[in-house]
Amino acid sequence: MKYALYWGCLIPARELSYEVSVTKVMPAFGVELLKMEDTNCCAPFGIQSLDYTSWLALAARNLCIGEEMGVDIMTLCNDCYESLLMVNTTLKAHPEVRNQVNEILAEVGKEYKGKIDVKNMIDVLYDDVGVTKVKDAVTNPFTGLKVATQPGCHLTKPKRIHFGVRKFDALDELVMATGAETVNYERREMCCGGPLRGVNDELARDVARIKLVNMKNAGAECIVTVCPFCFLELDLGQLEIRRHFKEEYDLPVLHFAELLRMAMGMKLDDWEIKSHRTPLEPILKDQLKEE
Amino acid sequence: MHEVANTPRGRGILACIQCGRCSGSCPVARLVSEHNPRRLMEIIILGERNEVLNSQLPWYCLSCFTCLDRCPQGGDVAEVMFAIRNLAVREKNMPDGFAAQGKNLVETGRVVIPTGSIVRKREQIGLSKEHSTATEDVQKILKKTGFSELISSR
């Protein structure tokens with residue numbers, strides 16, 4: 001299995017523990033991750049809000065790089081995933097839009113042909129590797145750990161391009177493969193609030209708080225996500241909520257790649273543990289004990 | 001209404017029957033009563049151009065696509081929100097956070113750029129300094145689409 005790995009902007013700039021975990025975990029399942037050179041911003045939500053055509057052209061330029069490499073693209077960030085997947089779907093379905101985009105791409109010597117697909121790491125683990133193989137690779141199970149999953153909006157919605165319900169369950173099944181339990185909390189499909197950052201920070205915080213309350217009420221001990229925006233909103237957001245509401249949720253947030261890495265017996269380094277704002281130690285007791 | 005409907009993501013406005021399921025589905029509308037997607041659709045249908053394009057409410061949309069999945073008419077409310085925001089920025093209605101993303105994109109080809117400390121940390125832990133970016137290509141594309149001008153004229 002070979003994929004062109006699209007890192008995006010946020011992970012390499014802010015969430016290095018996620019980046020390291022992906023490079024450790026995926027090759028263990030025979031997934032070869034090929035480096036994409038000279039990519040550009042995927043044109044996420046914020047850029048799409050400013051200009052439609054720029055969105056199509058920027059996303060398409062990244063798709064062209066995957067096409068030149070002759071392999072499908074694997075994304076890690078929900079926003080990168082949504083942007084590249086939507087543009088790929090649109091350009092494949094509408095030749096007239098494709099021609100318009102190719103006129104722009106001619107400026108930079110690229111041509112979109114519609115030859116590849118876009119996947120998320122969760123698709124690759126669930127569909128290509130399979131839950132059984134993931135389970136077999138687990139040596140240090142998180143037995144009994146109660147996890148609230150946060151797949152994030154753009155992994156699952158809109159349903160017409162994502163088959164949303166299945167993918168919600170995919171993350172839960174993968175988390176259970178690590179030995180953990182998942183809790184069924186209210187409004188699990190709800191947004192983390194992240195996209196409101198920079199427009200109305202208080203409102204973003206209030207949306208995140210609803211999620212945290214519901215997760216805590218369902219008995220969660222930690223949160224597992226795949227999206228770097230959800231990660232920031234729910235991890236960093238807890239500090240802001242503590243300051244403002246004087247409420248403590250103490251729900252450590254992990255990327256799924258980090259959880260799986262530890263379950264496979266590969267510990268997080270000290271700097272990685274400390275890069276989480278909400279302390280991880282309470283849920284790592286067993287993992288840390290084996291030192 | 002037709003100005004919105006004639007943009008690539010705005011067609012869904014034509015299907016709106018004002019049932020309000022979008023408002024009932026919206027996580028933001030539950031917290032702030034001013035943000036009401038149904039009401040926003042209504043003033044578009046009524047042709048209140050200035051009110052729509054000067055409003056801050058389209059920027060309150062999380063683009064979580066819940067309304068789009070639930071609209072009984074296939075009215076793609078979240079897509080219409082993109083259409084309105086695209087029109088609004090041409091009327092200089094662009095929140096600072098979005099303008100900053102646009103500026104970063106034009107200058108570097110990315111919206112989030114690693115700081116010096118992150119670059120040093122990356123090297124220290126054996127990662128590549130940064131992932132290569134085709135900044136010049138992005139600048140050519142954004143010049144061609146008029147995006148650069150949109151940002152600089154703000």
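Small disclaimer: the values here were computed from a predicted structure and weren't measured.

Engineer: I'd like a rundown of the overall build of chain B, residues and numbers included.
Structural biologist: Across its full length, chain B holds ten helices and zero strands. Taking 15 Å as the expected radius of gyration for a compact globule of 154 residues, we find that chain B reaches 19 Å, considerably beyond that expectation. Each of the three principal axes of chain B carries a C-alpha extent, and together these read 55 × 30 × 25 Å. Within chain B, buried positions represent 43% of all 154 residues. Across chain B, contacts joining residues at least 24 apart in sequence account for 61% of those joining residues at least 6 apart.

Engineer: Hey, could you go over the interface of chain A and chain B for me, with residue numbers and the actual values?
Structural biologist: With 46 residues of chain A at the contact, the number on the chain B side is 51 residues. Within the residue set of the side of chain A that touches chain B, elements represented by two or more residues are α1 (10-14), α2 (16-25), α3 (45-50), α4 (52-69) and α12 (201-217) of chain A. A breakdown of the residues in the side of chain A that touches chain B according to their chemical character gives 26 nonpolar, nine polar and eleven charged.

Engineer: Account for the pairing of strand β1 (residues 2-6) of chain A, with residues named and values stated.
Structural biologist: Residue and element names in this part refer to chain A. With four of five residues buried, β1 lies mostly within the body of the structure. With four bridges joining them, β1 and strand β2 (residues 32-35) adopt parallel strand pairing. In the sheet register, Tyr3 faces β2, and the bridge partner there is Leu33. Sheet analysis places β1 next to strand β3 (residues 73-75), joined by three bridges and oriented parallel. The partner of Tyr6 across the bridge, within β3, is Thr75.

Engineer: Tell me what's going on with the sheet that holds β3(A), and back it up with residues and numbers.
Structural biologist: All names here are of chain A. Ordered in space as β2-β1-β3-β4, the four strands form an open sheet in which the pairing is parallel. Each edge of the open sheet carries a strand with a single partner, namely β2 and β4 (118-120). Across the sheet, the mean angle from the axis of one strand to that of its neighbour is 45°, orientation sign disregarded. Along the sheet face, α4 touches β1, β2 and β3 and points at about 155° away from the line of β1.

Engineer: Tell me about the domain arrangement of chain B, residues and numbers included.
Structural biologist: One can read the domain layout of chain B as domain 1 (2-89) and domain 2 (96-152). With centres defined by C-alpha atoms, the gap from domain 1 of chain B to domain 2 of chain B works out at 30 Å.

Engineer: So what's going on with the sheet that holds strand β5 (residues 146-150) of chain A? Residues and values would help.
Structural biologist: Hydrogen bonding along the main chain pairs the strands of a sheet, whether they run parallel or antiparallel. All names here are of chain A. Here we have four strands laid out as an open sheet, ordered β6-β5-β7-β8, and parallel in their pairing. Each end of this open sheet is capped by a strand with a single partner; those strands are β6 (181-182) and β8 (253-255). Bridge count between strand β7 (residues 222-225) and β8: three bridges; the pairing is parallel. Each residue of the ladder has a partner; that of Ile223, found in β8, is Val253.

Engineer: Explain the nonpolar core residue by residue, including any values.
Structural biologist: Membership of the largest hydrophobic core comes to 137 residues, with the highest contact counts inside it found for A:Ala59, A:Ala60, A:Leu84 and A:Leu174. Here this core gets nine residues from one element, more than from any other, and that element is helix α6 (residues 77-89) of chain B. Once residues within four sequence positions are removed from consideration, A:Leu174 is found in contact with A:Ile122, A:Leu125, A:Tyr126, A:Val131, A:Val134 and A:Phe256.

Engineer: Give me the environment of A:Gln100: which residues, what numbers.
Structural biologist: All names here are of chain A. Along the chain, Gln100 turns up in helix α6 (residues 95-105). Overall, Gln100 belongs to the partly exposed group, with 15 C-beta atoms counted inside 10 Å. Separated by 44 residues in the primary sequence, Gln100 and Leu56 have C-alpha atoms spaced 9.7 Å apart.

Engineer: Before we move on, could you go through the environment of A:Ala106 and cite the residues and values that matter?
Structural biologist: Here A:Ala106 shows up in the loop between α6 and β4. Each C-alpha atom of the pair A:Ala106 and A:Ala257 lies 38 Å from the other, and the pair is 151 residues apart in sequence.

Engineer: Report on the domain arrangement of chain A, specifying residues and quantitative values.
Structural biologist: Residue and element names in this part refer to chain A. Segmenting chain A into domains produces domain 1 (2-121) and domain 2 (130-289). A separation of 24 Å is found between the C-alpha centroids of domain 1 and domain 2. With 25 residues of domain 1 at the contact, the number on the domain 2 side is 22 residues. Of all the secondary-structure elements, those providing two or more residues to the side of domain 1 that touches domain 2 are α1, α2 and α5 (78-93). No other element matches α2, which puts eight residues into the side of domain 1 that touches domain 2. Of the residues in the side of domain 1 that touches domain 2, the class split is 15 nonpolar, five polar and five charged.

Thresholds, definitions, all that
Residues numbered from 1 in each chain as written. Chains lettered and ligands numbered in written order. Predicted model: local features only at pLDDT ≥ 70, side-chain atom pairs only at ≥ 80, totals over all residues. Helix = DSSP H or I, 4+ residues; strand = E, 2+ residues; numbered from the N terminus. Rg over C-alpha atoms; globule rule 2.2 N^0.38 Å. Buried ≥ 20, exposed ≤ 12 C-beta atoms within 10 Å, placed from the backbone. Contact = placed C-beta atoms within 7 Å. Nonpolar A, V, L, I, M, F, W, Y, C, P; charged D, E, K, R; others polar. Pairing = 2+ DSSP bridges. Axes fitted to C-alpha atoms, helices over the stretch in contact; angles between N-to-C directions. Domains from an automatic or database assignment. Core = buried A, V, L, I, M, F, W, Y, C linked by C-beta atoms within 7 Å.

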